[in-house]
Structure formats: structure tokens, C-alpha cells
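# Descriptive structure summary
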Amino acid sequence: MLELLNVNPSSGEPIYRQLHDQIVRLIVGGQLQAEDVLPSVRQMAEFLAVNPMTVSRAVQQLVDQGWIERRRGQPSIVAARNCTDNTSGGSLMQPKVDDLVTQAQQLGVELAELQALIAKKWAAK
Amino acid sequence: MQQNEVPILAFNNVTKVFPLKGNKTTHTALDQLSMQLYPGMVVGLLGQNGAGKSTLMRCALGILTVDSGDIKTLNESPAVLSDTAKSRIGYVPQQPFGYEGFTVDRALDLHRSFYVDWDKQLEQEWLKRFELDVTQSVQKLSVGQRQSLALIMAMAYRPTLLILDEPVASLDPIARRKFMTDLFDLALESGSAVLFSSHITSDLERVASHVALIKKGKLVLFKEIDTLREQVKLLKVSVDSELPQHLDILHQTNTADSMLILADNCQSQEQFNGLISEQSLNLEQLFMELHR
């Protein structure tokens with residue numbers, strides 16, 4: 001799964017948060033299934049060429065939030081999705097939607113026009 | 001990074017003044033600077049040319065003496081470092097020198113003899129990785145190769161304190177990345193501390209656990225890099241706005257109808273009267289804003 005990860009150190013967002021959000025997206029999007037084995041902190045750090053402390057911070061957060069499970073002496077795995085968990089793909093889209101709406105408003109694009117643009121792109125895919 | 005540990009390197013109110021040639025004025029290279037490096041820290045030192053980065057490093061090594069304040073290098077005074085302490089420090093200056101007239105392997109033979117903890121296997125690995133020809137004469141190496149050799153000479157004994165002055169400027173991107181992984185290994189596995197300066201902010205963003213920003217000899221910021229990204233923001237505010245008390249203003253630029261404020265200690269989603277916009281910054285942007 002390493003090749004699915006990618007961070008941009010020069011974005012203003014902390015690297016650990018970029019990594020955290022990406023892994024959550026992979027889980028919600030189904031690319032990572034329950035019990036899938038995760039690469040070690042060291043492997044991720046080496047692959048992304050970032051400080052292992054940063055990776056370990058992201059992993060710790062994912063463990064605390066119940067996304068992944070740490071097992072003694074064994075690699076971490078993706079935790080089973082709790083059925084009460086309601087994190088949907090849609091809620092992860094929110095920041096992008098916020099950006100899009102802000103930009104549309106700055107450019108004076110009407111809601112109907114924006115919706116039409118989205119619909120057109122959607123149909124073309 | 002437990003604060004009850006003994007720091008590997010500690011600056012306490014350090015001031016260093018250089019006399020300027022020809023007239024009676026002086027130049028303050030370090031101005032009441034305090035900073036502590038603990039095991040596991042990789043500290044990226046950022047500052048303009050002439051901000052005091054190299055001076056700071058030379059003072060830590062005892063190459064320069066300070067005018068006031070004190071420094072503890074491996075818990076000793078840098079002016080009178082013991083042999084044991086010296087054998088636990090690695091240093092790569094901006095322009096590596098020495099071993100002119102030696103071939104690479106003879107230079108390494110001699111250098112190795114000074115260090116009991118030298119790891120021959122590590123040395124061989126790195127020679128291979130940097131593709132250094134050991135029969136080549138040191139004088140004939142390119143700038144990048146010379147730098148690679150200096151890195152091997154400073155790191156093959158896994159020093160407790162590693163000080164690197166612009167270490168990777170002449171290395172190609174692939175060599176730089178691999179070198180960074182080595183830095184982590186050293187810092188985390190051997191519990192060492194690394195202090196390095198670089199103008200390549202994207203490298204710094206990857207490798208550093210902490211960033212120290214120096215401006216005109218003063219330490220402006222010293223923070224964990226993730227915290228820095230979350231707490232240092234560029235705020236655009238109206239001229240009559242009232243800034244919250246907790247903000248620490250690093251720099252301020254006034255324009256006709258608003259002010260740009262570079263502030264530390266921001267909370268997530270600041271909200272106060274007169275705030276027009278808030279922007280996160282990467283290191284390069286932060287650096288530019290600070291020197292506007």
C-alpha cells in the first residue's frame with residue numbers, strides 16, 4: 001500500500017495530518033480493508049523520506065481513533081469498521097467542497113452553474 | 001524528548017560579538033541565544049546568510065569562544081572538551097578541508113584511527129552508495145564527492161552530537177534523501193542529537209523534528225515542526241482590530257487598509273474582530289514573511 005501514500009512537505013499542513021487523512025480516506029474508500037496489514041512506521045518513513053517521528057504520530061492518532069489496531073510484536077492492521085461509525089466518503093469531501101464553494105463565490109459563479117459543471121464532469125467519467 | 005534528560009547541547013544566553021575591521025563598531029553575531037538539544041532531536045537551523053548559523057555551530061564546538069552566557073556540549077565546556085567528548089562529536093563544515101595529498105582510502109585509514117567506535121561496515125556501505133572511488137586523490141574529488149567523504153568521516157562512528165553546516169547542498173536529490181534516512185537512524189536509534197543548517201527548506205521540512213529560526217543573531221522561533229505549522233499563521237487584519245492577548249507577533253507589515261501579521265501561538269480557527277483572513281505557511285513562505 002506504500003505506493004498509495006504521498007505527502008507534500010511544502011504544503012502548510014503538518015505532514016502527520018496529511019498522512020493521517022490519507023489513510024482514513026483509503027479505509028473509508030475501501031482501498032484498505034479490515035485486517036489489511038500496514039507497513040511499519042520505519043517503512044513508511046523511508047518510503048516518504050520523512051522523519052519517523054512524524055509517521056509514528058499519525059499512526060498513534062489512527063490507533064487512538066480506532067482506525068487501526070496495534071498488535072504486540074506484529075505489524076499493525078486496519079481495524080474492523082464499527083457499524084455505529086458514520087464517517088462517510090461525503091464527510092471527507094467537506095474541506096474540498098468548502099474550497100470549491102469559496103472559489104466559485106470569489107469568481108461570481110452561480111450555484112446552478114457550478115452544479116452543471118459538476119454534473120457534466122460526473123457524466124464524462 | 002523528556003525534558004528531565006540532560007541536554008546533549010545547551011546554549012544559555014549566549015552572545016558573541018565580532019569587532020568590525022577598520023572602525024570601532026562591532027557586529028553582534030549571536031544575541032542572548034538560548035536553546036537545548038535533547039536525544040532524538042533533529043534540529044534544522046534556518047536563517048539568512050550572516051544570521052549567525054555557522055557562528056552558533058563553531059561556538060558549540062569550541063572553535064570560537066563566546067563573549068557572555070555559556071554553552072554545554074555533551075555536558076562539558078566547549079573551550080576545554082575532553083578527548084572522550086571530542087570522539088563523540090561529528091562535524092561537517094560548509095567547506096570540508098584536510099587530507100589534501102591523500103587518496104580516499106588512505107585518508108579514511110588515518111581518520112578511522114582516531115575513533116574507537118568506527119563502524120567499518122557503515123563506512124563501506126556509504127562509500128558504495130556515494131560511488132566514491134577509494135583510489136582517487138582527495139584533491140581531485142568534486143565538491144559533492146568531497147562533501148560525501150566529509151559526511152562519512154563525521155558519521156561512521158555514530159556520534160552523539162552531529163553538527164552539519166549546509167551538509168547536503170552539493171548532493172543530488174537521491175543521495176540527499178538516502179542521507180536523510182541515515183540521519184533519522186542516528187537520531188532515533190543511537191539517541192543522538194543533530195543540528196544542521198540548510199537553505200533547502202523542503203529538505204528541512206522532511207527531516208527536521210524541530211526548526212530553529214535565527215534572525216540577526218536572535219533565536220526567533222524554536223519549535224517542533226508540526227506545532228510550528230499549526231501555530232504560526234499569517235493573519236490579515238483590519239487596521240483597527242484588537243489582537244487577542246495570546247498571539248505572539250513575529251512580524252508586522254502595514255498596508256493602506258489592513259495589516260499583515262505573522263503570529264505565533266495561534267489557536268485553530270482564530271476568531272476575533274477585524275480578522276479578514278488566515279493562512280498557513282510552509283517554511284519558505286514563513287521565512288519570506290519574517291524577512292519582509
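Residues numbered from 1 in each chain as written. Chains lettered and ligands numbered in written order. Predicted model: local features only at pLDDT ≥ 70, side-chain atom pairs only at ≥ 80, totals over all residues. Heavy atoms only, no water.

## Topic: the packing of helix H3 (residues 104-112) of chain B against helix H5 (residues 143-155) of chain B
All names here are of chain B. Using the following cut-off: Fitting a line to C-alpha atoms yields each axis, with helices limited to the stretch in contact; the angle taken between N-to-C directions then spans 0 to 180 degrees. Helix and strand assignments come from DSSP, with helices taken as H or I runs of at least 4 residues and strands as E runs of at least 2, each series counted from the N terminus. Any angle that is under 35 degrees is reported as roughly parallel, and any over 145 degrees as roughly antiparallel; angles of 65 to 115 degrees are reported as roughly perpendicular and all others as oblique. In this scheme, a crossing is called left-handed if the near helix is turned counterclockwise away from the far one by less than a right angle; it is called right-handed if the turn is clockwise. Whether two residues are in contact is decided by their heavy atoms: any pair within 4.5 Å suffices. Amino acids are sorted into nonpolar (Ala, Val, Leu, Ile, Met, Phe, Trp, Tyr, Cys and Pro), charged (Asp, Glu, Lys and Arg) and polar (every other residue, Gly among them).
Closest axis-to-axis distance for the H3/H5 pair is 11 Å, and the angle between their directions is 20 degrees. Regarding the angle of H3 to H5, the classification is roughly parallel. Crossing of H3 over H5 shows right-handed handedness. When H3 is examined against H5, the residues Val104, Ala107, Leu108 and His111 are found in contact with a partner set consisting of Leu149, Ile152 and Met153. By residue class, the composition of the contact of H3 with H5 is six nonpolar, one polar and no charged.

## Some points on the confidence of the model for chain B
Using the following cut-off: Each residue carries a pLDDT score, the predictor's own confidence in it, on a scale running from 0 to 100.
With 99% of its residues at a pLDDT of at least 70, chain B reaches an overall mean of 90. When mean pLDDT is compared element by element in chain B, strand S4 (residues 68-73) of chain B scores highest at 96, while helix H6 (residues 173-189) of chain B scores lowest at 81.

## Digging into unusual backbone geometry
Residues and elements named next belong to chain B. Using the following cut-off: Exposure classes here rest on a 1.4 Å probe applied to the protein chains alone. A residue is buried below 20% of its type maximum, exposed above 50%, and partly exposed in between.
For Gln32, which is not a glycine, the phi torsion comes out positive at approximately 45 degrees. Of note, Gln32 is situated in strand S2 (residues 26-37). Accessibility expressed as a relative area gives 55% for Gln32, which makes it exposed. Residues other than glycine seldom take positive phi values, yet Leu74 does so here, at roughly 50 degrees. Inspection of the secondary structure assignment puts Leu74 in the loop between S4 and helix H2 (83-86). On the basis of relative accessibility, which here comes to 11%, the residue Leu74 falls in the buried class.

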